[in-house]
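Tertiary structure, described
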2 protein chains.
Amino acid sequence: MQANTKRSTIKEVASAAGVSTQTVSRVVNGRPDVSDETRVRVQQIIKDLGYRPSAIARSLIQQRSFTLGVVTAGLKYIGPSRTLNGIASAAEAAGYSLLLKELAHFHANDVIPQLNALYAMHVDGIIWAVPEIGDNRAWVNDLSIDLPIPILYLAMEPREGVSVVSINNYQGGRIAVEHLVEQGYRHIGHISGPLDWWEARQRMAAWKDVLTEAGIVVQDHHQVEGNWSSSSAVPAFEKLYNQYPEMDAVFVSNDQMALGVTQFACQKALRIPQDIAIVGFDDIAEAAYFTPPLTTMHQDQHELGTVAVQEVIKIIEANQSGIEIEESQTIVLTPTLVIRESSLRQKEVDRK
Amino acid sequence: MQANTKRSTIKEVASAAGVSTQTVSRVVNGRPDVSDETRVRVQQIIKDLGYRPSAIARSLIQQRSFTLGVVTAGLKYIGPSRTLNGIASAAEAAGYSLLLKELAHFHANDVIPQLNALYAMHVDGIIWAVPEIGDNRAWVNDLSIDLPIPILYLAMEPREGVSVVSINNYQGGRIAVEHLVEQGYRHIGHISGPLDWWEARQRMAAWKDVLTEAGIVVQDHHQVEGNWSSSSAVPAFEKLYNQYPEMDAVFVSNDQMALGVTQFACQKALRIPQDIAIVGFDDIAEAAYFTPPLTTMHQDQHELGTVAVQEVIKIIEANQSGIEIEESQTIVLTPTLVIRESSLRQKEVDRK
DNA sequence: CTGAAAGCGCTAACAC
DNA sequence: GTGTTAGCGCTTTCAG
């Protein structure tokens, strides 16, 4: 039992045990070249003194911290949190600690201080998990902030010379809209996310392409922009419905907005999916319990995080052992369609 | 522009500038006792070499890291994420970094390694943000893991000799149920969270107490246990409804479960709130867009996090300047009622 | 205003 | 098996 006052050092353990600090170090690190007798004695003293080795002193000398830096934003939303969850569990499994920085805003482009702060803490690698918005990626190719450690980018448009792990939003959008087309819908509107978001543009582009390929003419007034929130979707859908009254289905760029659409439709006595079919994106936990349950694109943000961790660590280990590996890898995960009631062409029997 | 290869040191800067490392240190730390000429020259060289001071070397010598350890669990749920969000923004504002550990399970009680890992990284304080479940707090009073740094506990039953920042779940439960009683409901059921959770027990106790005080007899079959998820609420509510058919209102221990209840009610053609009123707990972003919009207890988990950070830092700074402060403070935040349609006694006019 | 020496807590490399 | 020496990158202390 140690006193709750100060950190005990390897030196104190050494002198209490009557050995050198070196021997204590060997015991702590489980090296084989210590006699059993010594080992046991030292271990006992370590316990008695409540000695806990200093990881940062070790980092300093080994030039290796077994720590990963993570820069994120918008943790109050479930998407970024699920990704962080994946990062945290993979890091834990790999024996790495996590140093977390959250940007105050998604748009923040004063990123240099964040990067420097992480580097100052000797992180072995960095995962940049802030979504790509507007020009907040302009700095990526700025060599002046080049760090001697790997940086892995999440949820970003793949780029030359940069490691990226991403979800294929374009493909996801295609699958969603193709599903609606297959169900027989021909007047398919779109509520997009904010169009300065790369992900929103990808999903919208897919919507356009699939319809065009199906021989359906896409016009500007078939689409309205939301801001990802349920509240934004209510006026957005109202506007869309007014300017596109033939609309019989809508691809909504995330589930929160789909919820807003659902509420509005309910108020206007529009039946889902008989009068208007809905497909969302994300597959949040609540989607299965909307009224009616929401068809949506499931994206595995948890896995996005775990893959990211595995990739940085792969690069770190490779650098460590001097192996040259291809610098910039790009990994893309594809979302999957989860079909629920909100998008199903009803059979005659279903119409009461 | 430095080469993307290795960390440059204070020594390199010093010799390149023709000064001592001491002088470089003074420049880096903005000390006044350097001539302007020297300062400018050194700053230029720092830039040229891409020198970034090592925070861990500094931590080692100053015995102070300006880093907080955070232990959390369940980041895939929105509650813990919102708290982490609050922690992160407050830490950023105070100039502290965050070292994050996520427990694989809520129940994990092998906490010593987590604590030790954080301490090994020289964190200045720890925020324990894992909910209190079963006996996963048994270790709190175990002196053998006493650390020489402050630990602040979140969302835990207040205890002697321990600093706690918590949300008053009992009070929140009372407010929720009192609202239903005021609306005129007399047959109020309860779907609780898992009863090994302290928070679930608190809310349930409040439900019992308020009804009893109102002269309403509470019986065992008026309550059913869920597991916080929407899916658990469907069979839970079905069972509750069968065994308590007079029930005209239900206090559900979180919003996800309230959503499950909503869906089931809708399928059974039970109208909300005419046939069954619902009050939830949490005020998740989606709650305002349920059909009908959900009355719920808003708990400010973001603030829970910011307050926690401010408290640990207060203790840290006090210890630092040798001031003795009362060791164990308890701060309790109270949730607020957000009234929406799901709980309103309808006027005649509202009934079509 | 600037520098030299010592050392934070630990481990690599080498001796014995 | 175990100890000694040196030093990771920085700051504190004390001289000048």
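Read on for a plain summary of the structure. Quick caveat: nothing in here was measured; it's all calculated off a predicted structure.

1. Looking at the interface of chain B and chain A
Of the residues lining the interface, 60 residues belong to chain B; the matching set on chain A comes to 60 residues. Here chain B packs against chain A, burying approximately 5,400 Å² in sum over the two surfaces, 57% of which is carbon and sulfur. For the chain B face of the interface with chain A, the top three residues by lost area are R52, I56 and Y289 of chain B, together amounting to 15%. In this structure, the connection of chain B to chain A is made through zero salt bridges.

2. Re the protein's contact with DNA strand C
Looking at DNA strand C, there are 27 residues lining it, with I10 and Q22 of chain A together with R26, T38 and I61 of chain B nearest. Taking all atoms of DNA strand C within 4 Å of the protein, the share assigned to sugar and phosphate is 63%. A distance of 2.7 Å is found between a phosphate oxygen of DNA strand C and a side-chain nitrogen or oxygen belonging to S25 of chain A. The separation between a phosphate oxygen of DNA strand C and a polar main-chain atom of S20 of chain B is 3.0 Å. In terms of residue count, helix α4 (residues 55–62) of chain A provides more of the surface near DNA strand C than any other element does, four residues in total. Broken down by class, the residue content of the surface near DNA strand C amounts to nine nonpolar, 13 polar and five charged.

3. With respect to the protein's contact with DNA strand D
Near DNA strand D lie 27 residues; those nearest to it are R26, T38 and I61 of chain A together with I10 and Q22 of chain B. Near the protein, within 4 Å, the atoms of DNA strand D are sugar or phosphate in 62% of cases. Secondary structure elements with two or more residues in the surface near DNA strand D: α2 (21–28) and α4 of chain A together with α1 (10–17), α2 (21–28) and α4 (55–62) of chain B. If you tally residues by element for the surface near DNA strand D, the top one is α4 of chain B, at four residues. Split into classes, the residues belonging to the surface near DNA strand D amount to nine nonpolar, 13 polar and five charged.

4. Some details on the packing of helix α7 (residues 169–182) of chain B against helix α8 (residues 198–213) of chain B
All names here are of chain B. Taken N-terminus to C-terminus, the directions of α7 and α8 make an angle of 40°; their axes are 7 Å apart at the nearest point. On the basis of the axis angle, α7 is oblique to α8. The two elements α7 and α8 cross, and the hand of that crossing is right-handed. Residues N169, Y170, G173, R174, V177, E178 and V181 of α7 form the contact with α8, whose own contacting residues are W198, E199, Q202, R203, A205, A206, W207, D209, V210, L211 and E213. Looking at the contact of α7 with α8 residue by residue, the class counts come to nine nonpolar, three polar and six charged.

5. Regarding the side chain of S59 of chain B
Examined against the element boundaries, S59 of chain B turns out to sit in helix α4. With a relative accessible area of 5%, S59 of chain B lands in the buried category. If near-sequence neighbours (up to four positions away) are discounted, S59 of chain B is found in contact with I56 of chain A together with R64 and S65 of chain B.

6. Things to note about the relation of the copies chain B and chain A
Once chain B is rotated about the relating axis by 180° and shifted along it by 0.0 Å, it coincides with chain A to within an RMSD of 0.1 Å. Accordingly, the operation relating the two chain copies is best matched by a two-fold axis. Relative to the rotation axis, the C-alpha of L99 of chain B is the closest in chain B, positioned 2.3 Å from it. Of the residues that chain B buries at the interface, 100% are likewise interface residues in chain A, meaning the two copies contact each other through the same surface.

Criteria and cut-off values
- Residues numbered from 1 in each chain as written.
- Chains lettered and ligands numbered in written order.
- Predicted model: local features only at pLDDT ≥ 70, side-chain atom pairs only at ≥ 80, totals over all residues.
- Heavy atoms only, no water.
- Contact = heavy atoms within 4.5 Å.
- Buried area = accessible area lost by both parts, 1.4 Å probe.
- Salt bridge = Lys/Arg side-chain N within 4 Å of Asp/Glu carboxyl O.
- Near = heavy atom within 4 Å.
- Polar contact = N/O pair within 3.5 Å; in protein donor to acceptor, adjacent residues only side chain to side chain.
- Helix = DSSP H or I, 4+ residues; strand = E, 2+ residues; numbered from the N terminus.
- Nonpolar A, V, L, I, M, F, W, Y, C, P; charged D, E, K, R; others polar.
- Axes fitted to C-alpha atoms, helices over the stretch in contact; angles between N-to-C directions.
- Parallel < 35°, antiparallel > 145°, perpendicular 65-115°, else oblique.
- Left-handed = near helix turned anticlockwise from the far one by under 90°.
- Buried < 20%, exposed > 50% of the residue type's maximum accessible area, 1.4 Å probe, protein only.
- Least-squares fit on C-alpha atoms with pLDDT ≥ 70 in both.

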